[in-house]
Amino acid sequence: GMEDRMVVAGLVDGSVLVRRLQRKERESKEGMDLVLTEGFQIDNAHEDSCRSVLFLDAMESLVSGSADCSLRISDRNTGKEKRRVQGAHESGIGKMAQVDAYTFVTGDEDGLIKLWDVREEEAVRQLEGHTDFISDFLWVRNPKRLLSTSGDGTLGVFELRKGKEMA
């Protein structure tokens, strides 16, 4: 419900900002407003700008990716670091997307995509096919496909179980 909604932002200084989103009754006219309330900031989560953040259902995690090529997995309620993966990519991480409760994908400046499982130390799979930065992801549930777009003007369609590019 609304009571547990959170908003997260990655900041250019490498910090991560987390706030709760709450409904507030309007005094003057009918309706509701959404307001950001208490939360916390993870200072120096990364050494360079934090370019992508996402909430992962599993283990109440918050994942952040950075231009410094690192991934950080934090507790979404406290900001406490659970795990850091330095050198998660060889170039800066610019985009991330959740696939399911435990898995997410990261895309870097050179077009490389990696599939991660929050329970594993290393990337589960690497997906190649783009030659420039990953600009966006879309996870399609049925059939299970990952769509990716890139600065090279191409659309990638991946079947994650096989890890192969479909188009």
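Everything numeric in this text was worked out from a predicted model, so none of it was measured. (Residues numbered from 1 in each chain as written. Predicted model: local features only at pLDDT ≥ 70, side-chain atom pairs only at ≥ 80, totals over all residues. Heavy atoms only, no water.)

The helix and strand inventory of the protein stands at zero helices and 15 strands. Taken against the 2.2 N^0.38 rule, which gives 15 Å for 167 residues, the C-alpha radius of gyration of the protein at 17 Å falls within 12% of a compact globule. Over its C-alpha atoms, taken along the principal directions, the protein stretches across nearly 55 × 35 × 30 Å. Accessible surface for the protein amounts to roughly 9200 Å². Of this, 45% is attributable to carbon and sulfur atoms. Looking at the protein, you have 24 positive and 31 negative side-chain charges, and the mean spots of the two groups are 6 Å apart. (Helix = DSSP H or I, 4+ residues; strand = E, 2+ residues; numbered from the N terminus. Rg over C-alpha atoms; globule rule 2.2 N^0.38 Å. Areas by Shrake-Rupley, 256 points an atom, 1.4 Å probe, with all protein chains shown as cover. Lys, Arg positive; Asp, Glu negative; His and termini not counted. Charge placed at Lys NZ, Arg CZ, Asp CG, Glu CD.)

If you trace the four strands from one edge of the open sheet to the other, you get 8-9-10-11, paired in antiparallel fashion. Two strands lie at the open edges of the sheet, namely strand 8 (93–98) and strand 11 (125–127), each paired on one side alone. Averaged over all adjacent pairs, the angle separating strand axes in this sheet is 25°, with direction ignored. Both strand 9 (residues 103–108) and strand 10 (residues 113–117) contribute to a ladder of five bridges, which runs antiparallel. Counted as the bridge partner of G107 is I113 from strand 10. (Pairing = 2+ DSSP bridges. Axes fitted to C-alpha atoms, helices over the stretch in contact; angles between N-to-C directions.)

On to the environment of T106, then. Along the chain, T106 turns up in strand 9. In this structure the C-alpha to C-alpha distance between T106 and G65, which are 41 residues apart in sequence, comes to 7.9 Å. Dropping the residues within four chain positions of it, T106 is found in contact with L71, H89, I93, K95, M96, L112, I113, K114, W116 and F137. Side chain to side chain, T106 and H89 meet in a polar contact 2.6 Å long. (Contact = heavy atoms within 4.5 Å. Polar contact = N/O pair within 3.5 Å; in protein donor to acceptor, adjacent residues only side chain to side chain.)

Position of S61 among the secondary structure elements: in strand 5 (residues 61–66). Exposure remark for S61: the relative accessible area of 0% places this residue in the buried category. Separated by 3.0 Å, the side chain of S61 and the backbone oxygen of A58 make a polar contact. Ignoring anything within four residues of it in the chain, the contact list for S61 reads L54, F55, L56, I73, S74, R76, K82 and V118. (Buried < 20%, exposed > 50% of the residue type's maximum accessible area, 1.4 Å probe, protein only.)

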